[in-house]
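# Analysis of the macromolecular model
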Amino acid sequence: MNRLGRKDNETLIEMSLATDDNIAVLTNFKPSRSAGEDSNGPLCETISNTESELPSNSEGLSSTETTLLIPDHQVINKRHQSKDSVFFRDGVRRIDFVLSYVDDPNKEEEKKTERRREFEKNLQKAGLELETEDKKESEDGKTYFVKIHAPWEVLITYAEVLNIKVPIKENDIPSTVEYPLDCMLKPFRLPEKVMHPEPDYFTAPFSKSRQELYLIDNESTFFSPSMRNRIVYYILTRCPYGTEEGKKKFGIKRLLNNGTYTAAYPLHDCQYWKKANDPNCDNERYTLYMEWARFLRFYKEQPLDLIRKYYGEKIGIYFAWLGFYTEMLFFAAVVGLICFLYGWFTMDENMSSKEICAAAIGGEIIMCPLCDRKCEYWKLNTTCESSEYSHLFDNVATLFFAIFMGIWVTLFLEFWKRRQARLKYEWDLVDFEEEQQQLQLRPEYEAKCTHKKKNPVTQEMEPYLPLTSQAVRFCISGTTVLFWISLIIASMIAVIVYRLAVYAAFASIMENTQAPHSISGLLTPQLATSVTASCLNFVIIMILNFLYEKIAVWITDMEIPRTHLEYENRLTMKMFLFQFVNYYSSCFYVAFFKGKFVGYPGNYTYMFSSWRNEECDPAGCLIELTTQLTIVMAGKQIWGNIQEAIVPWIWNWWGRRKARCNPENLYSRWEQDHDLQSFGVLGLFYEYLEMVIQFGFITLFVASFPLAPLLALMNNVLEIRVDSWKLTTQFRRPVAAKAHSIGVWQEILNGMAILSVVTNAFIVAFTSDMIPRLVYYYAYFTNEDSPMSGYINNSLSVFQVSDFLEGNKPEKNPENFLTCRYRDYRYPPGHGRKYDHTMQFWHILAAKMAFIIIMEHIVFIVKFFVAWMIPDVPAEVKARIKREKFLTQKILHEYELNKLKQKLCECKTYENMEKEVIATEGKVELSQAM
């Protein structure tokens, strides 16, 4: 089904070669004229040749496929008319693509000039029409602009090559009935003409032999601008420009890489802040800016159909996913906020923090020094404030929220599948299969692979990469990835060493018996160390990200993936693996390693035999994990928005500073767009990566920070508008591309959803103090009226100061303390098993393991049951797909039948034609019966 007035065509990287047998290719062009076109714009006529070689072959668009009858493009003198137009100088032919280059005299310029001459000559052979703007007419006085127009004959030929679906009849299937509650959502709705810019149609693959079947009202507007630029880009990526070093070179990508051209881009249809002067312009960019890209519209729904129409399905599906993810975050944020408020309101009832803060309990408990030699003994009540605030995140609601998020992530993924299935139907992607991408070779693969072998399916010679070359490239790639992951681990160890080194310094300065609140009651040595280390870790993360992004692209290019799908999947896995280790390693350290391998006074554990391992705060490590998560997550989101919005704006402002002084009619549309930033092939990849990393923060460690979904929700409300604003105002128009899903990111999200259940179970069991408190509450309480009384004293073991080794013993003990306390469950001095673990330690460990097993099984059972209960495709969508296929087949069969009857009246013998008509009618009846 096509919601728009036409169906967007296939992207270059998604064309299936399976339909090549029926493709008509441009083989002969004849000059002709039609109304509104003069000698400036010769049209081309095409004929069908099913035996011709496809334009997608390894040699690009060869001269044997086309005959040049269009004269070389000429520089036309400037006319006294506005250059703020998307048409050629004749005002009729639309500019579908623009190439720019700079005339820079140097040793390479002669070679570049020859490449351009040959490339543009071959573009004209392919039927495209060119018009050049001289550098004298450009703003900087040195940039040439080559404007490209695709005539009707070229469009219909490559529409058939790319198997593009186009409208054949307006959809008469009744729309879904509105629900009564829809009236409550009216303030959030956009106008109908914005949400659904054109009516819904039944569609069928385009065929030149069936042109009268399609709803072609106007040849100049039948193919939308996004469809036209997709077709032109397909030709540009396969057009040859000569032979160098014995190899045939082709494709605009190579010409951009070697500096022959400086840019290649389709034009925006108008300026974003005002409508175009042309009454026939749809002003879609202006509409997107006014209704979607402004932050004041943050509460409105997204015009997904208009986004898809203007930018293509690939960008449309991203914003659909981001919007759906943000909607689902609302429910997680509400529950997380309730859990946080529960901790806030019950903070005064927390017995543990009361005992720590009490002068008679916490003020009398002397804790062992936090570091060797330099640190002094300190009183427990110095951690009063931090223990109170730790209750905000370490309470019984934490367990509930961890279980809730395990179920929420399943609901999110399952409901997204349903939403995606609905979009596939509405955007006419039901028949779009992944194999179409897999069969499409990358031009780089065709160019770099000199070996050829026969394809067992098509029986044609095609390029391939020898197994030995693949093995060598994969070894280099794998080694490089492992090296960079090792570099991340090394940097994390360096941060841990920093924590251990400054921890001793903070402890010696901040903790002493004379001043319980030495600097601030809230800023304990543990927290001060955690904050500074988290900031340092964030800086290292950003630096490593910047370096690795370039390395990942380089090693993926070196592997020479066969198809665009393979290229994106390989790059995605490399980048995600690196980002996963880079962003989450520090959180994993705090959650699962810090304070777990400390030892005890007199027998501490040391890293590299030099630095004593960190201890957790007496109130637990969860508050430190919360601090780490908040700094890294919030810092990444703030830095990401600065990179995405402010940096492109500054570059564009700097690039347009001179042009703002000129009249509008002298600042051409192609120059305006040329001064914008390039979105790039991987622009969308980084958007997905950013959101998936955020998804990991709110699922993998959400038990430690219930407010994480709320922070993510606020960020995503801003992210949608920032992404839409920069795409609409700060970037050139991307080439429209097709996609029916979020691709490999779906599998990554599924994997993270399963891992999140495990990590949250371990966080609740080992990082929080919930299980030790529950064990004490049910098995070791001493006061029936107040079961939690005495928990702090019970959780601290006793150490005899005289048992300190010389290397551990504090230099000062002015009050001559005989014993000190430390966080563990060990037998006291004088016991037969002095300093060994008590039975309570083993009871708590058994309870932790039992909790992990029970929680994981409960959440996994619920997850899989929910996934089984919710079908991936709504029943209504299944029925509509079947109905539409039936009606489309019926329309096509009736068309064929009428054609045969028409032939019967014209020429052939009655007997033969009667048999053909009967056979066709029988085919229609059989189809209806089926």
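Residues numbered from 1 in each chain as written. Predicted model: local features only at pLDDT ≥ 70, side-chain atom pairs only at ≥ 80, totals over all residues. Heavy atoms only, no water.

When helices and strands are counted, the protein chain shows 27 helices and 18 strands. By element, 59% of the accessible surface of the protein chain is carried by carbon and sulfur atoms, the whole surface being about 41400 Å². (Helix = DSSP H or I, 4+ residues; strand = E, 2+ residues; numbered from the N terminus. Areas by Shrake-Rupley, 256 points an atom, 1.4 Å probe, with all protein chains shown as cover.)

Let's shift gears to the confidence of the model for the protein chain. Per-residue confidence for the protein chain gives a mean pLDDT of 80; residues scoring 70 or more make up 82%. Below a pLDDT of 50 lies the segment residues 512-520, which in the model reaches 15 contacts outside its immediate sequence neighbourhood of four places, other chains included. (pLDDT = per-residue confidence, 0-100. Contact = heavy atoms within 4.5 Å.)

Attention shifts here to the environment of Phe608. Of note, Phe608 is situated in the loop between strand 15 (606-607) and strand 16 (611-612). Taking the relative accessible area as the measure of exposure, Phe608 reaches 55% and is therefore exposed. Placed 111 residues apart in sequence, Phe608 and Val497 show a C-alpha to C-alpha distance of 9.5 Å. Setting aside residues no more than four positions away along its own chain, Phe608 makes contact with Ile493 and Val497. (Buried < 20%, exposed > 50% of the residue type's maximum accessible area, 1.4 Å probe, protein only.)

This part is about the nonpolar core. If you look at the biggest cluster of nonpolar residues, it comprises 134 residues, and the most contacted ones within it are Trp321, Tyr325, Trp408, Phe412, Tyr584 and Phe697. Of the residues forming this core, the biggest block, 16 residues, is contributed by helix 9 (residues 313-345). Those residues in contact with Phe412 that lie beyond four places of it in its chain are Trp321, Phe324, Tyr325, Met328 and Phe695. If you look at the next biggest cluster of nonpolar residues, it comprises 50 residues, including Tyr101, Tyr144, Val146 and Leu892. (Core = buried A, V, L, I, M, F, W, Y, C linked by side-chain atoms within 4.5 Å.)

Applying the stated criterion across every chain, the model contains three disulfides. The disulfide that involves Cys368 links it to Cys820, with 1.9 Å between the sulfurs. Sign of the S-S torsion, about 85° for the bond between Cys368 and Cys820, identifies this disulfide as right-handed. Separated by 452 residues along the polypeptide, Cys368 in the loop between strand 9 (366-367) and strand 10 (378-379) and Cys820 in strand 18 (residues 819-823) bring together distant segments of the chain. Put simply, Cys371 and Cys375 are joined by a disulfide, and their sulfur atoms are 1.6 Å apart. Since a negative S-S torsion denotes a left-handed disulfide, the Cys371-Cys375 link at about 100° is right-handed. We classify Cys375 as buried; its relative accessible area is 1%. (Disulfide = S-S within 2.5 Å.)

Backbone geometry at Asn283 places phi at a positive 55°, although glycine is not the residue there. Within the secondary structure, Asn283 is located in the loop between strand 8 (263-265) and helix 7 (284-293). On the basis of relative accessible area, Asn283 is assigned to the buried category, the value being 8%. Here Asp428, not a glycine, exhibits a phi torsion of approximately 60°, which is positive. Relative to the elements of secondary structure, Asp428 occurs in the loop between helix 12 (396-426) and helix 13 (434-438).

Let us now look at the packing of helix 12 against helix 20 (residues 683-700). Where helix 12 contacts helix 20, the two axes come as close as 10 Å, and the packing angle between them is 145°. For the pair helix 12 and helix 20, the contacting residues are Met405, Trp408, Val409 and Phe412 in the first and Phe695, Ile698 and Thr699 in the second. Broken down by class, the residue content of the contact of helix 12 with helix 20 amounts to six nonpolar, one polar and no charged. (Axes fitted to C-alpha atoms, helices over the stretch in contact; angles between N-to-C directions. Nonpolar A, V, L, I, M, F, W, Y, C, P; charged D, E, K, R; others polar.)

Let us now look at the environment of Gln672. Here Gln672 lies in helix 19 (residues 669-674). Leaving out residues up to four positions away in the same chain, Gln672 has contacts with Asp84, Gln271 and Tyr667. At 2.7 Å, the side chain of Gln672 and the side chain of Arg669 are in polar contact. (Polar contact = N/O pair within 3.5 Å; in protein donor to acceptor, adjacent residues only side chain to side chain.)

Applying the stated criterion across every chain, the model contains 60 aromatic pairs. Relative to Tyr233, the ring of Phe97 has its centre 6.0 Å away and its plane inclined at 25°; by these criteria the two rings are stacked. Here Tyr233 lies in helix 5 (residues 225-236) and Phe97 lies in strand 1 (residues 97-102), a separation of 136 residues in the sequence. The exposure class assigned to Tyr233 is buried, which follows from its relative accessible area of 18%. We note Arg612 situated over the ring of Tyr604; from NZ or CZ to the ring centre the distance is 3.6 Å. Against the face of Tyr310 rests Arg733, its NZ or CZ located 3.8 Å from the ring centre. (Phe/Tyr/Trp six-rings, centres within 6.5 Å; stacked < 30°, edge-to-face > 60°. Lys NZ or Arg CZ within 6 Å of the ring centre and 35° of its normal.)

Take the sheet that holds strand 2 (residues 129-133) next. Strand pairing in a sheet takes place through backbone hydrogen bonds and is either antiparallel or parallel in direction. As summarised here, the arrangement of the four strands in space is 2-3-1-8, forming an open sheet in which the pairing is antiparallel. Looking at the sheet topology across the chains shown, the edges are occupied by strand 2 and strand 8. Strand-to-strand twist in this sheet, taken as the mean axis angle between neighbours without regard to direction, amounts to 20°. By the bridge criterion, three bridges tie strand 1 to strand 8 in an arrangement that is antiparallel. By the bridge assignment, Ser100 is partnered in strand 8 with Ala263. Sitting on the sheet, helix 5 is in contact with strand 1 and strand 3 (143-149), with an inclination near 50° to strand 1. (Pairing = 2+ DSSP bridges.)

A word on the environment of Trp378. Residue placement: Trp378 occurs in strand 10. Sequence-wise, Trp378 and Gly363 are 15 residues apart; in three dimensions their C-alpha atoms are separated by 9.5 Å. A polar contact is formed between the side chain of Trp378 and the backbone oxygen of Cys368, at a distance of 2.9 Å.

With that settled, consider a nonpolar patch on the surface. A cluster of nonpolar side chains, namely Ile638, Trp639, Ile642, Ile646, Val647, Trp649, Ile650, Trp651, Trp653 and Trp654, defines an oily patch on the protein surface of about 1000 Å² accessible area. If you trace the backbone, Trp653 turns up in helix 18 (residues 622-655). The class for Trp653 is partly exposed, based on a relative accessible area of 39%. (Patch = residues over 30% accessible without salt bridge, like charges linked within 9 Å, V, L, I, M, F, W, Y side chains within 5 Å. Salt bridge = Lys/Arg side-chain N within 4 Å of Asp/Glu carboxyl O.)

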